[in-house]
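# What the coordinates show
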Amino acid sequence: MSELKITDVQVHLTQPTSPACRLVIVKVLTSEAGLYGLGCATYTQRIHAVDAAIRRHIGPFVIGKDPRNIEDLWQSMMVSAYWRNGPVMNNAISGIDMALWDIKGKLADMPCYDLWGGRCRPAVTAYTHAGGRSFEEVADHVRRCMERGYRHVRCQLGGYVGLDAAHLGPPEGGQAGVYFNPKEKLTRVPALFEHLRAELGDEVELLHDVHERLAPIDAVALAKSLEPYRLFFLEDLLAPEDIDWFQNIRSQCATPIAMGELFNHPREITPLVAGRLIDFIRVHISQIGGITPALKLAHLCDAFGVRTAWHVPGDTSPVGAAACVHLDLAMHNFGIQEWGRRGEAEEEMFPGLPQVREGMIYANQRAGLGICFDEEMAAEFPPDERDLDWTIARLPDGTLWRP
Ligand code: MG
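Since this is a predicted model, take the numbers as computed values, not measurements.

### Points about the overall build of the protein
When its secondary structure is counted, the protein shows 14 helices and 16 strands. Relative to its length of 403 residues, the protein is compact, with a C-alpha radius of gyration of 21 Å against a globular reference of 22 Å. If you line up the protein on its principal axes, its C-alpha atoms span 65 × 50 × 40 Å. Here the protein, with 403 residues, has 46% of them falling under the buried criterion. At a minimum sequence separation of 6, the contacts of the protein that also span at least 24 residues come to 71%.

### Thoughts on the sheet that holds strand 6 (residues 178-179)
A sheet is described by the order of its strands in space; here three strands give the open sequence 6-15-16, paired in mixed fashion. The open sheet has two free edges, formed respectively by strand 6 and strand 16 (400-401), since each of these has just one partner strand. As paired strands, strand 6 and strand 15 (residues 393-394) are joined by two bridges and run parallel to one another. What sits directly across from Y179, in strand 15, is R394.

### So, the sheet that holds strand 3 (residues 36-40)
Picture the strands of a sheet paired through backbone hydrogen bonds; they go either parallel or antiparallel. Spatially, three strands are ordered 1-2-3 in an open sheet, and the strand pairing comes out antiparallel. Looking at strand neighbours, the two that pair on one side only are strand 1 (6-14) and strand 3, the edges of this open sheet. With strand direction ignored, the average angle separating the axes of adjacent strands in the sheet is 20°. Two strands pair when backbone bridges link them, and strand 2 (residues 23-30) and strand 3 are joined in this way by five bridges, in the antiparallel orientation. Residue pairing for strand 3: I25 is matched across the bridge by C40. Against the sheet, helix 1 (residues 47-62) engages strand 1 and strand 2, with an angle of about 175° to strand 1. Packed onto the sheet, helix 12 (residues 318-330) meets strand 2 and strand 3 and runs at close to 95° relative to strand 3.

### With respect to the environment of C145
With respect to the helices, strands and loops of the structure, C145 is situated in helix 5 (residues 135-147). Overall, the presence of 21 C-beta atoms within 10 Å leaves C145 in the buried class. A C-alpha to C-alpha distance of 7.5 Å links C145 and T128, two positions 17 residues apart in sequence.

### Some details on the environment of S317
As for its placement among the helices and strands, S317 is situated in the loop between strand 11 (307-308) and helix 12. Taking the C-beta count within 10 Å as the criterion, S317 has 34 such neighbours and is therefore assigned buried. On a C-alpha basis, the gap between S317 and I25 in space is 7.6 Å, while along the polypeptide they are 292 residues apart. Excluding its chain neighbours within four sequence positions, the residues that come into contact with S317 are L23, I25, C40 and T42.

### Examining the domain arrangement of the protein
Annotation of the protein at the domain level lists domain 1 (6-110) and domain 2 (114-367). Between domain 1 and domain 2, the C-alpha centre-to-centre distance is 26 Å. When residues of the side of domain 1 that touches domain 2 are traced back to their parent elements, those giving at least two are strand 2, strand 3, helix 2 (70-79) and helix 3 (87-108). A total of twelve residues in the side of domain 1 that touches domain 2 trace back to one element, the largest contributor, which is helix 3. For the side of domain 1 that touches domain 2, the residue count by class is 17 nonpolar, ten polar and five charged.

### What to know about helix 7 (residues 216-226)
Every buried residue of helix 7 is listed here: A219, V220, L222, A223 and L226. One face of helix 7 carries all of its buried residues, which in axial projection span an arc of 165°.

### Points about the nonpolar core
Counting 113 residues, the largest nonpolar core has V28, I96, I278 and A323 as the members making the most contacts within it. Residue contributions to this core reach at least three from each of two domains, namely domain 1 (6-110) and domain 2 (114-367). If near-sequence neighbours (up to four positions away) are discounted, I96 is found in contact with V9, V26, V28, G39, I58, V62 and M77.

### Section: the environment of D315
Residue placement: D315 occurs in the loop between strand 11 and helix 12. The buried category is assigned to D315, around which 21 C-beta atoms lie within 10 Å. Residues D315 and S31, spaced 284 residues apart in sequence, show a C-alpha to C-alpha distance of 31 Å.

### Looking at the pairing of strand 2
A large share of strand 2 lies buried, amounting to seven of its eight residues. Where strand 1 lies against strand 2, eight bridges are found, and the strand directions are antiparallel. Counted as the bridge partner of L13 is V24 from strand 2.

### With respect to the packing of helix 5 against helix 6 (residues 184-200)
Two elements in contact, helix 5 and helix 6, have axes separated by 10 Å at closest approach and are oriented at 50°. Classified by the angle between their axes, helix 5 and helix 6 sit oblique to one another. Considering the relative orientation of helix 5 and helix 6, their crossing is right-handed. Contact residues: F135, V138, A139 and V142 in helix 5; L192, H195, L196, E199 and L200 in helix 6. A class-by-class count of the residues in the contact of helix 5 with helix 6 yields seven nonpolar, one polar and one charged.

### A few points about unusual backbone geometry
The backbone phi angle of H211 is positive, close to 55°, even though this residue is not glycine. Tracing the sequence through the fold places H211 in the loop between strand 7 (205-209) and helix 7. Its identity is not glycine, yet R230 carries a phi of approximately 55°, on the positive side. By secondary structure assignment, the location of R230 is in the loop between helix 7 and strand 8 (233-235).

What counts and what doesn't
- Residues numbered from 1 in each chain as written.
- Predicted model: local features only at pLDDT ≥ 70, side-chain atom pairs only at ≥ 80, totals over all residues.
- Helix = DSSP H or I, 4+ residues; strand = E, 2+ residues; numbered from the N terminus.
- Rg over C-alpha atoms; globule rule 2.2 N^0.38 Å.
- Buried ≥ 20, exposed ≤ 12 C-beta atoms within 10 Å, placed from the backbone.
- Contact = placed C-beta atoms within 7 Å.
- Pairing = 2+ DSSP bridges.
- Axes fitted to C-alpha atoms, helices over the stretch in contact; angles between N-to-C directions.
- Domains from an automatic or database assignment.
- Nonpolar A, V, L, I, M, F, W, Y, C, P; charged D, E, K, R; others polar.
- Arc of directions from axis to C-beta.
- Core = buried A, V, L, I, M, F, W, Y, C linked by C-beta atoms within 7 Å.
- Parallel < 35°, antiparallel > 145°, perpendicular 65-115°, else oblique.
- Left-handed = near helix turned anticlockwise from the far one by under 90°.

Following this line, the structure appears as structure tokens:
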């Protein structure tokens, strides 16, 4: 095949799972009959901006070009708007970049993990989420996860921001938002993990996500106080603006640290990796521009003893999730993979989605990313137009919290 060109770039907006999982799926078509690729461009909070960026800018930019030259296309897409780096453009670029790797695998008749060196493991260790309104509820939820075969469980008390959120509300004249008390984490979270270790023993690996909802010095204190409970990792202790504080945490305790889901530029995490200040990279692959930068980051991390733990919440599309699993299979410094239950509609809409059995994720052996997409079904599940509000968090006095 001497001549091969990108002939069309399609964008599909869909929401097979409610609430809050609005997906952006990109399909790149080529001049070779039947040869196409799928990519994830899901920035669930700004789907229409990504849609426009692909339809009006990045799509027309790549049409007519050779889909085999992935590196050159990625670099070109990044600089074509002159100003670069940002969640809208990076997701748009990711949608095309993942599709190009899917095409590359189909051309080679290999799964993407084979393109990247072959499998380091037959399956990928997953962690899932458990939560509850009391220590006992969380412990029961962890036990149910263990009965399903999971040996790694993220444990949260009181939902996204903590138990106090349920009875906190705006003060007189205060604005709407999710009110929370950051100080509660300093006492309740260590007590939760003391309870979980006493109840569950050492057979299960425990994880916790702070969601950047602590003042920096309180983050240092929490990491120290959790050290006796031997977490697999403690995630998102600090906002991206406060990363210099990781030095203080590292110098005071050996709690393993995971970080990176709010980063946009693929080099943003370099100081944390090169400084050996974190243990797991939690970058969201579509947010940094796709598989091409993720491969480079994984290899950079390997040189510094940092393992991968790509961010895969429910609003990562199944295409993006499949890309992460292929990376997990091929990268020697894989650490763990976040994985949630997918709804029936999502499973049906994306045939080939990697499957979990006994806490391990298995990819199929089909070429490329190994995943398909039912466009007609997707059209029957349009995204809702409500913008998400959980991002607006406020302190008890009404001050906006910047995660
Ligand atoms: Mg997180």
